[in-house]
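Architecture at a glance
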Amino acid sequence: MDGWTDRSTSGCVDSWMAEQKKRWLEGQMPVGSAPCPAVLVPHRQTSPPSAPVSISDVETVREGHQSEVLQSLAEEFPPERCFTIVFYGRRGNLDLIAGTEEEAQCWVQGLRQLIEVATSMDQRERIDQWIRDWFQKADKNKDGRMNFKEVQRLLKMMNVDMNEDHALRLFQAADKSESGTLEGEEFVLFYKALTERKEVQSLFQEFSEDGKKLTLLELVDFLRQEQLEEEGTEELAMELIDKYEPSETARARHALSADGFLMYLCSPEGSIFNSQHRALWQDMTQPLCHYFISSSHNTYLIEDQIRGQSSIEGYIRALKRGCRCLEVDCWDGPNGEPIVYHGHTFTSKIPFREVVSTLGKYAFQASDFPVILSLENHCSMEQQEVLAQQLKDILGEHLLTTTTDGRVPTQLPSPEELKHKILLKGKKIGRLEDTLDGPGDEAPDVSDDDNGAEAEEEKRRMKKDRESLAQALSDCVVYCKNVSFRGFQEARNHSRPSEISSLSEAKARKLIRDAGNEFVRHNTWQLTRIYPSGMRTDSSNYSPQEMWNAGCQIVALNFQTAGMEMDLCDGLFSQNGHCGYVLKPSFMRDEGTLFNPSDPSTWQGPGPVTLTIQVISGQQLPKVANSKDGAIIDPLVRVEIHGVPADQAHQETKYIENNGFNPHWDETLQFQLQVPQLALVRFVVEDYDKTSRNDFVGQFTLAFANIKPGYRHIHLLSKDGTSIPPSSLFVHIRITEPPGPEQD
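Rules of the game
Residues numbered from 1 in each chain as written. Predicted model: local features only at pLDDT ≥ 70, side-chain atom pairs only at ≥ 80, totals over all residues. Heavy atoms only, no water. Helix = DSSP H or I, 4+ residues; strand = E, 2+ residues; numbered from the N terminus. Expected span 1.5 Å × (residues − 1). Buried < 20%, exposed > 50% of the residue type's maximum accessible area, 1.4 Å probe, protein only. Arc of directions from axis to C-beta. Contact = heavy atoms within 4.5 Å. UniProt positions renumbered as here; feature names shortened; annotations may be inferred. pLDDT = per-residue confidence, 0-100. Salt bridge = Lys/Arg side-chain N within 4 Å of Asp/Glu carboxyl O. Axes fitted to C-alpha atoms, helices over the stretch in contact; angles between N-to-C directions. Parallel < 35°, antiparallel > 145°, perpendicular 65-115°, else oblique. Left-handed = near helix turned anticlockwise from the far one by under 90°. Phe/Tyr/Trp six-rings, centres within 6.5 Å; stacked < 30°, edge-to-face > 60°. Lys NZ or Arg CZ within 6 Å of the ring centre and 35° of its normal.

**What about helix α10 (residues 233–244)?**
With twelve residues, α10 extends 16 Å from end C-alpha to end C-alpha; this agrees with the ideal 16 Å at 1.5 Å per step. Considered for burial, the residues of α10 that qualify are Thr233, Leu236, Ala237, Leu240, Ile241 and Tyr244. Seen end-on, α10 carries its buried residues on one side only, within an arc spanning 135°. Away from the buried face of α10 by more than 90 degrees, exposed residues Glu235, Glu239 and Lys243 are located. Structurally, α10 contributes buried residues whose contacts are with α9 (216–225), α11 (248–252), β8 (256–257) and α12 (258–265).

Following this line, the structure appears as structure tokens:
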């Protein structure tokens, strides 16, 4: 997109878009560099795009007034002419207004087709596209060929510090026409020589008798011996050959060439992440409190907590990432309409109605399982009535207003039972049983402590709630009634699974330190929400791991802030179909558990698991953002274990000087895990700097339970959590279980 002026075009826009698509598919045009026949509208006060936008950076296109900017222009421009380009990660959206409705449709449909093409490319097509992109970047005079000077510039751009004589030898070997330039297939030959993977070739030859191919049986041997694939190995081998072998002849003979072998290792099946765990694989019929739940703090903010912008975009982004607990702070607004913002600050304001409409539209796009709306209610009685009415009118049947069976719950319902339901978390007048037909068959006994002074206290609270809380809003709260935390014993005495307490990070840490086992037990039957300290005005985050260690389900983070904490969150919830719910380990679902996160000896396990990671090599690592032009990175790999305190650890490789293209480490790191069920493993690549802090290059985080052993690629993510293909690490993983008890 090249400019912010009116670039309206006349003539046949369809043929124009078809031509752009054709040129892009044929590699004649840098992805995203097409001229724009529309008025460009800046998102808030962001700068216009100064460089071509890559189609691979575009997540989706929304039609109509689907942003604050376009909504503010609704009277001036009809929705049929408006659309929004949404990018991956935390990058701001791009709002556009076309000259005509037909022109808008042309752009929307054309972009969607290009996005579909980009996302449906297989491994080989992605590599081909990547090669074309580099060729176009380096071909300065755009003559379709590359001289040696351009090749040298390309090597620097690709993070390669290569001896000039060696580079010239590769160049001349690829220059079959001896023209002094590389074009077409010659450049492909040069690229292949540049990217030759000797470590993969060596592994291939170890299992290939003739050194040219892997027969079906040889591939089966590799899958069993190295990848530890156990069941259906022959069928898997056949599938891999059919899917990744480029040669039809080899496919017909059920053989895998060296090229096919590399493609398999770079594929999802060759990833460190167990591809079967990407889909929904856990039991979803247990009570809500038995799951970790992806949760956002002050979801409406997309910047800091004091002056930042409030936006419905915060809700859309969180929901599309699988977030299942959102927060909304409501205050009285003008014209009887409640507004959402961070009270007593300079953050901007958005209508509550827009937040609920957004929730209604996006709640179940990424996940079918329930959404919890955490309501911070600062409204007058009159505007509370409006809150309740808007929730009911807009959400309709999705809003849960009674228990699933109409009876008093003895335990929380499951995510499966609550599919496509939105649960309101907030204050409630009185007890849930007062509004239902009567207790269930196994309703808890009322203890003697409920008499006398405690009964008086209950009445006093109800009277106070009736004075400050609208009955209509109270009635919308069913399974998530906010209550103040007054200790584990008092909570147990009342034994109401439908109540929930919110704790600051500092309060939660103290409870973990002073009463770790009690906290874990409490979280086996009731929900707990943790939120960041009010001192985090910059929207920084605390580590969610220490809260998950105690079984806390709703660990709310500032989703807008990238960093290690959000990497852990994304790493945990990237499994189980990205549904926002992850089942807790069995010892954290047992009300009689002895487990204390600060004392792993309280967990009766067979002993520590040994995780051995051989960090072999890296491939096409990106340059550091905002680095000096031409600076080539000195990469190192750090592996971090995040888990119970006894398991917290990190180790790192040495750094490789001036090679971000194909660094080789061949170093082995080893970790002992006492409680592997709670462990997350984070791989971080950094650019070593001896005089200042290392610069971030890329990372990948996953739960230990999702690791596949053997030779695996780790596909790196940016600081924003978006993919940066083809950047990867090549590793070998070995997991050693402790020996079982000896048999008599």
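**Focus on the UniProt feature "active site" (unreviewed entry) in the protein chain**
Feature annotation in UniProt assigns "active site" (unreviewed entry) to the following positions: His297 and His342. Spatially, the listed residues are clustered: although they cover 46 residues, their C-alpha atoms lie within 11.2 Å of one another. You can see His297 is positioned in the loop between β9 (291–296) and α13 (312–320). Residues within four places of His297 in sequence aside, it is in contact with Gln305, Glu327, Arg529, Tyr531, Pro532, Ala556, Leu557 and Asn558. Structurally, His342 is set in the loop between β11 (339–340) and β12 (350–351). With residues near it in sequence (within four places) discarded, His342 still touches Asn298, Tyr300, Leu301, Gln305, Asp329 and Thr347.

**Description of the confidence of the model for the protein chain**
This prediction gives the protein chain a mean pLDDT of 87; 89% of its residues lie at or above 70. Predicted confidence is poor over residues 1–18, with pLDDT under 50, and the contacts of this stretch with residues over four places away or in other chains come to 44 contacts. Note on residues 42–48: pLDDT under 50 across the span, and eleven contacts to partners over four residues away in sequence or across chains.

**Overview of the environment of Phe261**
Its place among the elements puts Phe261 in helix α12. As for Phe261 and Glu245, which are separated by 16 residues in sequence, their C-alpha atoms are 7.5 Å apart. Each residue touching Phe261, except ones within four places of it in the same chain, is listed here: Val200, Leu203, Phe204, Leu214, Phe222 and Leu256.

**Here we look at the pattern of salt bridges**
The full count for this structure, using the stated rule, is 28 salt bridges. Of the charged contacts in the structure, one is a salt bridge between Glu416 and Lys419, with a shortest N-O distance of 3.5 Å. The exposure class of Glu416 is partly exposed, given its relative accessible area of 36%. Linking Glu505 and Arg509 is a salt bridge whose minimum nitrogen-to-oxygen distance equals 2.6 Å. Here Arg509 and Glu505 lie together in helix α19 (residues 505–522), a separation of four residues that amounts to about one turn. Look at Arg509 and you get partly exposed, because its relative accessible area is 27%. It is possible to trace a salt-bridge network through shared partners that takes in Asp567, Arg638, Glu640, Arg682 and Glu686.

**Re the packing of helix α6 (residues 164–174) against helix α7 (residues 185–194)**
Here α6 crosses α7 at 140°, and the two axes come no closer than 8 Å. When the axes of α6 and α7 are compared, the pair comes out oblique. For the pair α6 and α7, the crossing hand works out as right-handed. Of the residues in α7, those in contact with Ala167, Leu170, Phe171 and Ala174 of α6 are Glu186, Leu189, Phe190, Ala193 and Leu194.

**Topic: the packing of aromatic side chains**
Throughout the structure, instances matching the rule amount to 16 aromatic pairs. Between Phe292 and Trp548 the ring centres are 6.2 Å apart and the planes differ by 55°, which places this aromatic pair in the tilted class. With Phe292 in strand β9 and Trp548 in helix α20 (residues 545–548), the pair connects residues that are 256 residues apart, well separated along the chain. The pair formed by Phe292 and Trp548 is uniform in burial state, with each residue classed as buried. An angle of 50° between the planes, with centres 4.8 Å apart, marks the rings of Phe587 and Phe595 as tilted. Per residue, the accessibility class of Phe587 equals that of Phe595, and both read buried. Among the aromatic side chains, those forming a connected cluster through ring pairs are Phe204, Phe207, Phe222 and Phe261. Directly above the ring of Phe273 sits Arg278, whose terminal nitrogen or CZ lies 3.8 Å from the centroid. Taking the ring centre of Tyr341 as reference, the NZ or CZ of Lys349 above it sits at 4.4 Å.

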